[in-house]
Amino acid sequence: MPHPMFGTSVIAAPMAGGTSTPSFVTAVHRAGGLGFLAAGYKDPAAMAAEIRSVRSTAARFGMNVFVPDPAQLPPGPAVTAALEAYRQELIPEAGRYGVELPAPRLDDDDRWQEKIDLLLADPVELVSFTFGLPGADTVRRLQQKGSVVLATVTGVAEARLAEEQGVDALVVQHSCAGGHSGAFLPGSLGSLQEGPGEGTTADLVRAVRAAVALPLVAAGGIMDAAGVAGVLAAGAGAAQVGTALLRTEESGTRQLHKDALASPRFIGTAMTRAFTGRAARALVNEFVAAHPDAPEAYPAVHHLTAPLRAAAAAAGDPERLNLWAGTGWRQARAGPVAGVLARLLG
């Protein structure tokens, strides 16, 4: 049974970069799920506009926020040198489209404090955090405004730290999930150096369930009703899905990306830092294969590759686009959100 906090057994993952639009989140709600908007890469004004848009439909929703890494703002000289070396490595790639690569941007915290201030001034029902923990004071202040606070974790050690900060629930993300890993401790699942024997998403849920008493949301590789049932049986209060919804009509994902998910050209996924400087699971295209040693420097690498990715998209070239996908991508189906949710909900 789903946990009462969530009110459904299926949550649509917050997918930054354009996928989790207000219409997508509203469609998820109407189909019996719970959707999350994504604040990542948006300015606070755009974030506020999306909140107003979903509120106008009376849909339940949450907001996800990226936590900046203070250790990389600004990065040290070694990372700065690695970024410039990577920029030089990518010049031939950019030359395919006649675009210039910018000098590395080293000071972007995604306007963190402005976004927290907005959520305190105009609270939403649920706020989740990815890439780290927001701090106990921020957790408490959001809760005092009536928000339920969730933290994304990838293992027991991260889960215990999140519990100590007083969050209300955890999103337990396995490394088979598509897109960025939420890992924030060295050696966590989802890093490029993840250890062997990581097991399944249900195994990870059971391990975290044994360590903490908080409600859990399971994320990673969940593509059908059996997958949902499996993580609920393991102790989760809901399943979070992303890849399963990427090809839906309401998804804001580029059509080029949707088509790639259905293409026989792509035969596997891998964790890569090539596009953003942070480990993320994507379909293995030419860009992923050619740049296995991108520096660990998020979001500086994201800004560095942004013009290249935009040009690739405009040229209809999936080989240099960040084709985020979980390991179950072959099961992603096109059609309305309602149809996919119906299959997931059983």
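The structure this text deals with has already been given above.
Report follows, based on the coordinates. Keep in mind it's a predicted model, so treat the numbers as computed, not measured. Position labels on residues start from 1 in each chain and follow its written sequence. Local features in this predicted model are restricted to residues whose pLDDT is 70 or higher, and side-chain atom pairs enter the listing and the counts only when it is 80 or higher, whereas totals over whole chains, interfaces and linings include all residues. Working from all heavy atoms in the structure, the side-chain values ignore hydrogens and water.

1. Examining unusual backbone geometry
Omega for the peptide link from Leu 73 to Pro 74 comes to -10 degrees, which places this bond in the cis form. Tracing the backbone through its elements, the reader meets Pro 74 in the loop between β3 (61-66) and α3 (77-95). Tyr 298 connects to Pro 299 through a cis peptide bond whose omega is 5 degrees. Considering the arrangement of structural elements, one finds Pro 299 in the loop between α10 (286-290) and α11 (300-314). Of note, the phi angle at Ala 58 is positive, near 65 degrees, even though the residue is not glycine. Numbering of helices and strands starts at the N terminus; helices are DSSP runs of H or I of at least 4 residues and strands are runs of E of at least 2. Mapped onto the secondary structure, Ala 58 falls in the loop between α2 (44-55) and β3. Located in the positive-phi region is Arg 111, a residue other than glycine, with phi close to 55 degrees. Secondary-structure assignment places Arg 111 in the loop between α3 and α4 (112-121). Burial classes follow relative accessibility: with a 1.4 Å probe on protein chains only, a residue under 20% of its type's maximum area counts as buried, one over 50% as exposed, and anything between as partly exposed. Exposure remark for Arg 111: the relative accessible area of 38% places this residue in the partly exposed category.

2. Thoughts on the nonpolar core
As used in this record, nonpolar core signifies buried Ala, Val, Leu, Ile, Met, Phe, Trp, Tyr and Cys residues forming a set joined through side-chain atoms within 4.5 Å. Core analysis: the largest hydrophobic core is formed by 72 residues, its most contacted members being Met 63, Leu 119, Phe 129 and Leu 170. Of the residues forming this core, the biggest block, five residues, is contributed by α4. Not counting residues up to four positions away in its chain, the partners in contact with Phe 129 are Asn 64, Val 65, Val 67, Trp 112, Ile 116, Pro 134, Thr 138, Leu 142, Val 149, Leu 150, Ala 151 and Thr 152. Formed by 18 residues, the second largest nonpolar core is a distinct cluster that contains Leu 90, Ala 282, Ala 294 and Leu 308. Contacts are assigned to residue pairs with any non-hydrogen atoms lying within 4.5 Å of each other.

3. Focus on the environment of Arg 281
Tracing the backbone through its elements, the reader meets Arg 281 in strand β11 (residues 280-283). Between N or O atoms, a polar contact is any pair within 3.5 Å; within protein, one atom must be a potential hydrogen donor and the other a potential acceptor, and residues adjacent in sequence are included only when both atoms are from side chains. From its side chain, Arg 281 meets the backbone oxygen of Ser 175 in a polar contact 2.9 Å long.

4. Thoughts on the sheet that holds strand β8 (residues 216-219)
Any two strands are treated as partners once DSSP identifies two or more bridges connecting them. Ordered by their spatial adjacency, eight strands build a closed barrel running β1-β2-β3-β4-β5-β6-β8-β9, and the pairing between neighbours is parallel. Geometrically, the sheet is characterised by an average inter-axis angle of 25 degrees between neighbouring strands, direction not taken into account. Sheet topology places β8 next to strand β9 (residues 238-241); three bridges connect them, and they run parallel. When the sheet's bridge partners are listed, Val 217 is paired in β9 with Ala 238. Against the sheet, α2 makes contact with β2 (34-38) and β3, and its axis sits at roughly 165 degrees relative to β3, the strand it touches most. Contacting β3 and β4 (126-130), α4 crosses the sheet at an angle of about 160 degrees to β3. Every axis corresponds to a line fitted to the C-alpha atoms, with the helix fit spanning only the stretch in contact, and the corresponding angles, defined between N-to-C directions, vary from 0 to 180 degrees.

5. Some thoughts on the pairing of strand β5 (residues 148-153)
Most of β5 sits inside the fold, with five of its six residues counted as buried. Bridge count for β4 against β5 is four bridges, and the pairing is parallel. Bridge pairing links Leu 126 to Val 148 in β5. For crossovers, right-handed means that the path from the first strand over the helix to the second runs clockwise, given strands pointing away from the viewer. What joins β4 to β5 is helix α5 (residues 136-144), and the crossover it makes is right-handed. Summarising the sheet, β5 and strand β6 (residues 169-173) pair through four bridges and their orientation is parallel. Directly across from Thr 152, in β6, lies its bridge partner Val 171. Since β5 and β6 lie parallel, the crossover through helix α6 (residues 156-164) that links them has a hand, and here it is right-handed.

6. Observations concerning the pattern of salt bridges
Any carboxyl oxygen of Asp or Glu that lies within 4 Å of a side-chain nitrogen of Lys or Arg is treated as forming a salt bridge with it. A complete count under the given rule lists 16 salt bridges for this structure. A salt bridge links Lys 42 to Glu 50; its shortest N-O distance comes to 3.7 Å. Since its relative accessible area comes to 16%, Lys 42 is described here as buried. Between Glu 125 and Arg 60 there is a salt bridge, with the nearest N and O atoms lying 2.6 Å from each other. Of this pair, Glu 125 sits in the loop between α4 and β4 while Arg 60 sits in the loop between α2 and β3, and the two are 65 residues apart along the sequence. Given a relative accessible area of 34%, Glu 125 falls into the partly exposed group. According to the relative accessible area criterion, Arg 60 is partly exposed, its value standing at 26%. One salt-bridge network, held together by shared partners, links Glu 93, Arg 96, Glu 286, Asp 317 and Arg 320.

7. A look at the side chain of Thr 26
Summarising the element assignment, Thr 26 is placed in helix α1 (residues 22-30). What makes Thr 26 buried here is its relative accessible area of 6%. Those residues in contact with Thr 26, other than ones at most four positions away along the chain, are Val 54, Thr 57 and Ala 59.

8. Considering α6
The complete set of buried residues in α6 reads Glu 158, Ala 159 and Ala 162. Each buried residue of α6 lies within a common arc of 100 degrees when the element is viewed along its axis, so the set occupies one face. Where the residues of α6 are buried, they touch β5, β6 and α7 (201-211). Two residues or fewer after α6 comes Gly 166, characterised by a positive phi angle close to 90 degrees. Picture the helix axis, draw a direction to every C-beta atom, and the arc is the one those directions span.

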